[in-house]
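Here's the letter readout for the chains.
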Amino acid sequence: MKSKNRNKAILVRLSEDEFKDINERVALTGLSREEYVRSLMKMEIPPSLPSPDMKETIKQLRLIGNNINQLTVIAYKTGSIDIMKYKNDYERLQNQILKIITLINQPTKMEEIKNGNNKDMGSQG
């Protein structure tokens, strides 16, 4: 993304509750307050950071993939594997992991919320 010359500022006064609310929402995303507000201006609600459970799930999926790869090396050396089927299955597993990560990191369009298609994982508070 191109670096933008951001030299304009807007002062917004908030109540204590509003300030607490926006800070809580920002904390869920890992963004700065400024980045969070810019996302809202683009009509996108930033995704929450993945939960520890989700991170552990992704880690376990990757470990499973590594174990499959190690077993495949042994099976290939002993001649007891259909290498093309293995390659296809392994690629499918890797693609599924990438899809999960992409879905986690994808912002929610405000239109989706308005239309009842909220897939967001918690940044709505």
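These lines cover the structure that appears in this document, whether it is placed above or below. Computed from a predicted model, the values in this text were never measured in an experiment.

With respect to helix H4 (residues 83–105)
Over its 23 residues, H4 extends 33 Å from the first C-alpha to the last, a length consistent with the 33 Å expected when each residue adds 1.5 Å. Within H4, burial applies to Tyr86, Leu93, Ile97 and Ile104.

Some thoughts on helix H3 (residues 52–78)
With 27 residues, H3 should reach 39 Å at 1.5 Å per residue; the first-to-last C-alpha distance of 39 Å fits that figure. Every buried residue belonging to H3 is among Ile58, Gly65, Thr72 and Ala75, and all of these are buried. On its buried face, H3 is in contact with H4. With its phi angle positive at about 75°, Gly79 sits one or two positions after the end of H3.

Looking at the pattern of salt bridges
Counted by the stated rule, this structure contains three salt bridges. In this structure, the salt-bridge partner of Arg25 is Asp21, at a minimum N-O distance of 3.2 Å. Of the two residues, Arg25 and Asp21 are both situated in helix H1 (residues 16–29); the distance of four residues between them amounts to about one turn of the helix. Lys85 is the partner of Asp89 in a salt bridge, and the nearest nitrogen-oxygen pair spans 2.9 Å. Of this pair, Asp89 and Lys85 both sit in helix H4, four residues apart, which is roughly one turn of that helix. Owing to a relative accessible area of 31%, Asp89 belongs among the partly exposed residues under this scheme. Linked through salt bridges whose partners overlap, the residues forming this network are Lys85, Asp89 and Arg92.

Basis of the calculations
Residues numbered from 1 in each chain as written. Predicted model: local features only at pLDDT ≥ 70, side-chain atom pairs only at ≥ 80, totals over all residues. Heavy atoms only, no water. Helix = DSSP H or I, 4+ residues; strand = E, 2+ residues; numbered from the N terminus. Expected span 1.5 Å × (residues − 1). Buried < 20%, exposed > 50% of the residue type's maximum accessible area, 1.4 Å probe, protein only. Contact = heavy atoms within 4.5 Å. Salt bridge = Lys/Arg side-chain N within 4 Å of Asp/Glu carboxyl O.

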